[in-house]
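Here's the letter readout for the chains.
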Amino acid sequence: MSLDDTSFTSLFLTPFILDTAYDITLLHCHPAVLFPRPTFPKLLFAEPSSSSSFLNPNLEQNLWIIKMRYAQLIMGPAGSGKSSYCSTIVNHCKAIGRNVYVINLDPAAEYFEYDVIGDIRELISLDDVTEDEDLLLGPNGGLVYCLQHLIENLDWLDEKLGCVEDDYFLFDCPGQIELYTHLPVMKSLIKQLDNWNIRTCGVFLLDAHYMNEATKFFSGALVALSAMITLEIPHVNLVTKMDLLNEHDRNAVQRFLDMDTDLLREEEDEPWLRKHLKLTKAISTLFEDYSYVSFLAFDRTDEDCIGETLMIIDNSIQYGEDLEHKEPMVNIQNIHFCHNGETQGFLLLQEPVEREASDDYGMADEVS
Ligand SMILES: Nc1nc2c(ncn2[C@@H]2O[C@H](COP(=O)(O)OP(=O)(O)OP(=O)(O)O)[C@@H](O)[C@H]2O)c(=O)[nH]1
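Calculation notes
Residues numbered from 1 in each chain as written. Predicted model: local features only at pLDDT ≥ 70, side-chain atom pairs only at ≥ 80, totals over all residues. Heavy atoms only, no water. UniProt positions renumbered as here; feature names shortened; annotations may be inferred. Near = heavy atom within 4 Å. Polar contact = N/O pair within 3.5 Å; in protein donor to acceptor, adjacent residues only side chain to side chain. Areas by Shrake-Rupley, 256 points an atom, 1.4 Å probe, with all protein chains shown as cover. Nonpolar A, V, L, I, M, F, W, Y, C, P; charged D, E, K, R; others polar. pLDDT = per-residue confidence, 0-100. Contact = heavy atoms within 4.5 Å. Core = buried A, V, L, I, M, F, W, Y, C linked by side-chain atoms within 4.5 Å. Buried < 20%, exposed > 50% of the residue type's maximum accessible area, 1.4 Å probe, protein only. Phe/Tyr/Trp six-rings, centres within 6.5 Å; stacked < 30°, edge-to-face > 60°. Axes fitted to C-alpha atoms, helices over the stretch in contact; angles between N-to-C directions. Helix = DSSP H or I, 4+ residues; strand = E, 2+ residues; numbered from the N terminus. Parallel < 35°, antiparallel > 145°, perpendicular 65-115°, else oblique. Left-handed = near helix turned anticlockwise from the far one by under 90°. Lys, Arg positive; Asp, Glu negative; His and termini not counted. Salt bridge = Lys/Arg side-chain N within 4 Å of Asp/Glu carboxyl O. Pairing = 2+ DSSP bridges.

- As annotated in an unreviewed UniProt entry, the protein chain is GPN-loop GTPase 3 from Ramazzottius varieornatus.
- Per UniProt, the comment on the protein chain under Sequence similarities (unreviewed entry) is "Belongs to the GPN-loop GTPase family."
- As stated in UniProt under Subunit (unreviewed entry), the record for the protein chain gives "Binds to RNA polymerase II (RNAPII)."

As structure tokens, then:
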């Protein structure tokens with residue numbers, strides 16, 4: 001069935017669907033949000049001709065609603081401001097009457113300014129590992145070991161996430177960059193969050209002080225790109241500590257954020273850059289032409305900036321959209337999908353409703 005050849009086309013589909021027959025990519029208009037590939041929603045459409053066995057006549061009795069939850073995975077190099085970002089978002093949300101909950105996933109963390117609903121150190125801490133005479137691991141290997149231990153004990157995380165009614169989490173992650181760029185451990189975590197119906201946005205932080213030279217900027221952008229490609233989730237890159245920059249430096253950083261590759265020419269006198277100019281230019285052209293990586297400036301002292309950043313991240317995971325869709329729906333149908341007699345998923349459908357322009361949450365649809 002194609003999307004435009006039956007009345008299904010105009011039906012509203014809830015995002016609470018399992019399995020994949022057709023992926024619909026929702027591309028957010030904001031250039032800072034990047035979707036490496038369609039992650040959600042995955043929609044299963046029943047063939048009308050074969051749907052009779054799927055239709056469940058006892059709609060009310062069997063209505064099985066999966067509650068979506070949302071998360072930000074806060075990543076970035078050591079000291080880039082991950083914990084401070086969590087604290088800023090928690091305080092901002094408190095001020096606007098919204099609940100967000102933090103889970104610390106850094107086994108080496110010593111202190112954070114916010115309350116957590118879960119702390120990986122309850123499960124395993126870096127000291128447990130590095131002091132273990134059988135393991136003989138150093139700090140880096142120990143950190144990876146701790147994260148792998150978490151993946152083997154996800155019941156712990158499930159329990160922590162289940163202890164609150166609200167649905168928005170911040171995962172404060174360790175600063176070891178290999179976890180996001182090539183090790184499989186974070187990917188496994190994301191897969192499990194997906195299985196728990198938690199939509200996750202990767203928030204990758206880079207310190208503004210590393211953005212003051214073209215070569216540093218492109219190096220940071222490549223790391224961010226690597227994390228984005230590895231994790232395959234909506235991804236927002238933030239440049240932190242903007243409040244520490246003076247006007248001149250802010251403008252300089254802004255030129256990088258605008259992907260102004262002419263900046264390279266200004267640094268051509270530098271011996272290293274002169275030697276590798278062709279390569280660096282090729283990389284910068286890749287960024288410029290394909291808009292693979294973009295950054296938002298994050299100033300924790302500016303409430304408007306915090307609010308706008310949060311809104312962009314929320315949109316990328318469609319947080320809030322379900323709330324809008326909770327308005328009374330007419331003639332809801334509930335279609336169960338069965339496999340070997342077991343219910344695999346369901347689809348809630350609503351009769352066609354005229355959508356207002358304001359109902360468009362800035363999403364452009366692309367059917368792949
Ligand atoms: N002024 C300013 N300071 C910041 C900001 N973000 C972080 N810092 C400071 O930078 C230092 C490191 O910040 P953290 O939040 O601990 O960084 P982190 O990425 O969690 O560090 P690790 O957990 O060690 O990887 C702290 O002294 C923070 O106060 C910011 O936006 N503005």
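**Quick word on the site of the ligand**
Working step 1: Taken together, 14 residues are adjacent to the ligand, and Gly81, Lys82, Ser83, Ser84 and Asp243 come closest.
Working step 2: In the environment of the ligand, an oxygen atom lies 3.1 Å from a nitrogen or oxygen atom belonging to the backbone of Gly79.
Working step 3: The separation between an oxygen atom of the ligand and a polar main-chain atom of Ser83 is 2.9 Å.
Working step 4: Computed on the free molecule, the ligand has an accessible area of 650 Å², of which 68% lies beneath the protein chains in the complex.
Working step 5: Class assignment of the residues belonging to the shell around the ligand gives a composition of three nonpolar, six polar and five charged.

**Structural notes on the confidence of the model for the protein chain**
Working step 1: Of the residues in the protein chain, 65% reach a pLDDT of 70 or more, and the chain-wide mean stands at 73.
Working step 2: Note that pLDDT drops below 50 for residues 325-368; the model gives that stretch 100 contacts with residues more than four away or on any other chain.
Working step 3: For this predicted complex, the interface confidence score (ipTM) comes to 0.97, while the overall pTM stands at 0.72.

**Topic: the nonpolar core**
Working step 1: Within the largest apolar cluster, 56 residues are counted, with the highest numbers of intra-cluster contacts made by Leu73, Leu157, Leu161, Phe169, Phe171, Met186 and Phe295.
Working step 2: With residues near it in sequence (within four places) discarded, Met186 still touches Leu73, Leu147, Cys173, Pro174, Leu179, Tyr180 and Leu231.
Working step 3: Judged by nonpolar contacts, the second largest core, of 29 residues, contains Ile74, Ala109, Tyr114 and Leu170.

**Some points on the packing of aromatic side chains**
Working step 1: Under the defined criterion, the tally for this structure stands at six aromatic pairs.
Working step 2: Seen from their ring centres, Phe217 and Phe218 are 5.3 Å apart, and the 70° between their planes marks the pair as edge-to-face. Accessibility assignment for this pair places Phe217 and Phe218 in one class, buried.
Working step 3: Within the aromatic cluster, the residues linked to one another by ring pairs are Tyr70, Tyr168 and Tyr319.

**Thoughts on the packing of helix H9 (residues 214-231) against helix H13 (residues 277-290)**
Working step 1: It is the contact of H9 with H13, at a shortest axis distance of 11 Å, that shows an interaxial angle of 55°. For the element pair H9 / H13, the angle class is oblique. For the pair H9 and H13, the crossing hand works out as left-handed. In contact with Phe218, Ala221, Leu222 and Leu225 of H9, H13 contributes Thr280, Ile283, Ser284 and Phe287.
Working step 2: A per-class count over the contact of H9 with H13 returns six nonpolar, two polar and no charged.

**Some words on the side chain of Arg69**
Working step 1: In this structure, Arg69 sits in strand E5 (residues 69-75).
Working step 2: Summary of buried charges: Arg69 has no salt-bridge partner, and the nearest side chain of opposite charge, Asp158, is 4.7 Å away.
Working step 3: With sequence-adjacent residues up to four places away left out, Arg69 is seen in contact with Leu161, Gly162, Asp167, Phe169, Trp196, Asn197, Ile198 and Arg199.

**Regarding the pairing of strand E8 (residues 168-172)**
Working step 1: The element E8 is largely enclosed, with a buried count of five among its five residues.
Working step 2: Burial of the side chains of E8 extends over both faces: Tyr168, Leu170 and Asp172 are buried on one face and Phe169 and Phe171 on the other.
Working step 3: Note: E5 against E8, five bridges, orientation parallel. Following the sheet pairing, Ile74 is matched in E8 by Asp172.

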